[in-house]
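If you want the building blocks of each chain, they are given just below.
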Amino acid sequence: MGHLTPFLRIASMLLRRNCAVTLITATPTVSAAESSHISSFLHEHPQVKHVGFQIIQLPHSKQDDPFYLQFESTRRSVHLLHPLLSSSSPPLSAIFADFFVASSITSVSTKLGIPHYLISTTSVKFLCLLAYLPELISDPAKFDHSFTEVEISGLTPFPISSIPPPFKDPNHLFTKTLLQNSRALSKAKGIFMNSLQCLEAETLEAVNNGGVLSHSLPPLLPIGPLELYEIKTEKGQYMTWLDRQPAESVVYVSFGSRTAMSREQIREISKGLERSGHRFLWVLKSSKVDTEDKIQLKDLLGDSFLERTKNKGTAVKGWVSQPEILEHPSVGAFVSHCGWNSVIEAARRGVPVVAWPQHGDQRLNAEIVQRGELGIWDRKWGWDGDKELVCGEEIEKKIREVMGDEKLRKMAKKVGEEARKAAETGGSSEKVLSEVLEFLQK
Ligand code: BUP
């Protein structure tokens, strides 16, 4: 969902600017959330032409991560797109593609004689790490204990503990897919970034004006925060519950679409929330892929917790409308895995974040949250922690801190104001997108 969501948002931004949009999605999808979002989007936007692109699935074993497999299968199938697109009417003027297919989309756009742009679903900092990946991996000594930081010339170094653990294994499927794509980033006309000047000014400046990674990266085009699009669905009960809560009083807790916390960790979170005394809205998952998520809420949390906290909080199993929740005036803080979309959605309204990264780019994102004064992060929270469980007392402490620290809340609000300014007519992000569309019309 971290990839599909920004694409649907950009598709709707293009529609609002009178572009004709063809949406190409990989079939079959991995999760039920993807299938239902694609259907609802097409239902709400009947003018979009849809190509359900049948990908060739790779042989795999049960241990393989279904999302990583989907990325690699899609990457390897993309060269087959050309015949499906060559007779498009009106003819296509550009392709906007995911960076997970950067290596294979080049041949398609070249054959069609049109430019391609990439859409990065990550921070600028993480994209820089991806561009640097071939160099990082070519020297295994960089993972020695003597190296504590990743140093990319021209950028502020960051701790080696912040890189995704699979990067240490060049034979890992995720690393292999990213390496292929990383080498092709420079072939794109530009890379759209769902990021904000105020969160990543230094890195953006280093790449676009300082020539950092200039052999590996084309211009970066910051267009964040992406505009939200509306899907008319029935209002969830959690929204009605939020409507009844005082302003900025609720802690929203969610760890994204692919993280299922262990039973032990869930117990500690429940302790922390209850002991903090604050109101909460907690979204839970019990398996990585939603189609396999069959456990009931009461089996995860126990009847007594639900009964004791029924006047203080609400727990939800399954999909919620997160952007709507984060835009709601009752929400006062967000305990988040720091998926990049979640970070930018929090930034849109200046909701302070308690960062709790789980995998992938999320430790780097947590660092951006902390440095950008959008929230707080205890570096022990995440995969480099010295213990596996974060205990209830620590969770309670962090929640009290984020809800009680006026300075922190003010700083987060400032980020929200900057985000609003960037997105409004005449704002920096709006200008970047208009310029690309003008170029394509020539
Ligand atoms: Br879960 C969930 N409702 O219940 P990220 C997520 N979302 O609207 P991810 C919902 O999915 P990775 C839910 O608002 C965001 O736009 C959320 O993207 C939305 O994390 C998107 O935050 C999730 O980037 O990706 O999907 O876990 O693990 O790859 O970072």
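Throughout, a residue's number is its position along its own chain's written sequence, starting from 1. This being a predicted model, a pLDDT of at least 70 is required before a residue's local features are given, and a value of 80 or more before pairs of side-chain atoms are given or counted; all residues contribute to the totals for chains, interfaces and linings. In computing side-chain values, all of the structure's heavy atoms are included and hydrogens and water are not.

Under an unreviewed UniProt entry, the protein has the name Glycosyltransferase and belongs to Ficus carica. UniProt positions are given in the numbering used here, feature names are shortened, and annotations may be inferred rather than shown by experiment. As its UniProt record puts it under Sequence similarities (unreviewed entry), the protein is described as follows: "Belongs to the UDP-glycosyltransferase family."

Pairing of aromatic rings covers Phe, Tyr and Trp, the last through its six-membered ring, and needs centres within 6.5 Å; plane angles under 30 degrees mean stacked, over 60 mean edge-to-face, and all others mean tilted. Evaluation of the coordinates by the stated rule reveals 15 aromatic pairs. Ring centres of Y68 and F174 lie 4.4 Å apart, and the angle between their planes is 20°; on these two criteria the pair is classed as stacked. Residue Y68 is located in helix α3 (residues 66-77), and its partner F174 is located in helix α7 (residues 173-182); the two are separated by 106 residues in the primary sequence. Residue Y68 shares its accessibility class with F174, and that shared class is buried. On the numbers, 5.5 Å between centres and 70° between planes, the contact of F96 with Y117 is edge-to-face. Of this pair, F96 sits in strand β3 (residues 95-98) while Y117 sits in strand β4 (residues 116-120), placing them 21 residues apart in sequence. Each member of the pair, F96 as well as Y117, carries the same accessibility label: buried. An aromatic cluster of at least three residues, connected via ring pairs, comprises Y68, F71, F99, F100, F126, F167 and F174. Working rule: Lys NZ or Arg CZ, within 6 Å of ring centre, within 35 degrees of ring normal, means a charge sits over the ring. Positioned above the aromatic ring of F67, the side-chain terminus of R258 is 5.3 Å from the ring centre. Labels follow the DSSP assignment, with helices taken as runs of H or I lasting at least four residues and strands as runs of E lasting at least two, numbered in each case from the N terminus. Buried, partly exposed and exposed residues are distinguished by accessible area as a fraction of the type maximum, computed with a 1.4 Å probe on protein chains only: under 20%, between the cut-offs, and over 50%, respectively.

Any two strands with at least two DSSP bridges between them are considered paired. The parallel open sheet is built from six strands, whose spatial order is β11-β10-β9-β12-β13-β14. This sheet does not close on itself; its edge strands, each paired only once, are β11 (313-317) and β14 (375-377). Here the average twist between neighbouring strands, direction ignored, is 15°. With five bridges connecting them, strand β9 (residues 250-254) and strand β12 (residues 331-336) associate as parallel partners. Counterpart to V251 in the pairing with β12 is A333. In the packing of helix α10 (residues 263-276) onto the sheet, contacts are made with β9 and β10 (279-284), and the angle to β10 comes to roughly 165°. To obtain an axis, a line is fitted to C-alpha atoms, over the contacting stretch when the element is a helix, and the angle between two such axes runs from 0 to 180 degrees between their N-to-C directions. Contacts were defined at the residue level, with two residues in contact if any of their heavy atoms lie within 4.5 Å.

What follows is about the side chain of H37. Along the polypeptide, H37 turns up in helix α2 (residues 32-44). Sequence-distant contacts of H37, that is, excluding residues within four places in its chain, are made with M1, L4, L8, Y229 and W319.

To continue, consider the sheet that holds β3. Each strand in a sheet pairs with another by means of backbone hydrogen bonds, the pair being arranged parallel or else antiparallel. In spatial order, the strands read β3-β4-β7-β8; together these four strands make up an open sheet with parallel pairing. Both outer strands of the open sheet, β3 and β8 (220-222), are each paired with one neighbouring strand and no more. The mean inter-strand angle of the sheet, taken between neighbouring strand axes irrespective of direction, is 30°. Here β4 runs beside strand β7 (residues 191-193); their pairing, made up of three bridges, is parallel. Bridge assignment links I119 to a residue of β7, and that residue is F192. Across the face of the sheet, helix α5 (residues 102-112) comes into contact with β3 and β4 while running at roughly 165° to β3.

What follows covers empty space enclosed by the protein. Cavity: a set of points on a 1 Å grid over the protein atoms alone where a 1.4 Å probe fits but cannot get out. Pocket: an open set with protein on both sides within 12 Å along at least five of seven lines, its lining residues, like those of a cavity, having an atom within 4 Å of a point. Grid points are joined across faces, edges and corners, and a volume is the space filled by probe spheres set on the points. Evaluation of the coordinates by the stated rule reveals three cavities of 30 Å³ or more. In this structure, the largest cavity encloses a volume near 70 Å³. Lining of the largest cavity is provided by S254, F255, G256, T259, M261, I266, I269, W282, V283, L284 and K285. Elements with a minimum of two residues in the lining of the largest cavity: α10 and β10.

Okay, the environment of I114 next. Checked against the element boundaries, I114 lands in the loop between α5 and β4. Taking the relative accessible area as the measure of exposure, I114 reaches 13% and is therefore buried. Residues I114 and S262, 148 residues apart in the sequence, show an inter-C-alpha distance of 47 Å.

So, about the site of the ligand. The near set for a molecule or strand comprises every residue that places at least one heavy atom within 4 Å of it. The full set close to the ligand counts 20 residues, and S257, V320, N341, S342 and E345 are the nearest of them. Definition of a polar contact: a pair of N or O atoms within 3.5 Å, with one able to donate and the other able to accept a hydrogen when the atoms are protein atoms, and with sequence-neighbouring residues admitted only if both atoms are side-chain atoms. Contact distances for the ligand include 3.2 Å between an oxygen atom and a backbone N or O atom of Q322. E345 places a polar side-chain atom, nitrogen or oxygen, 2.5 Å from an oxygen atom of the ligand. In the complex, the protein chains occlude 94% of the 630 Å² of accessible area that the ligand would expose alone. Note that accessible areas follow from Shrake-Rupley with a 1.4 Å probe, and for residues the cover is restricted to the protein chains shown.

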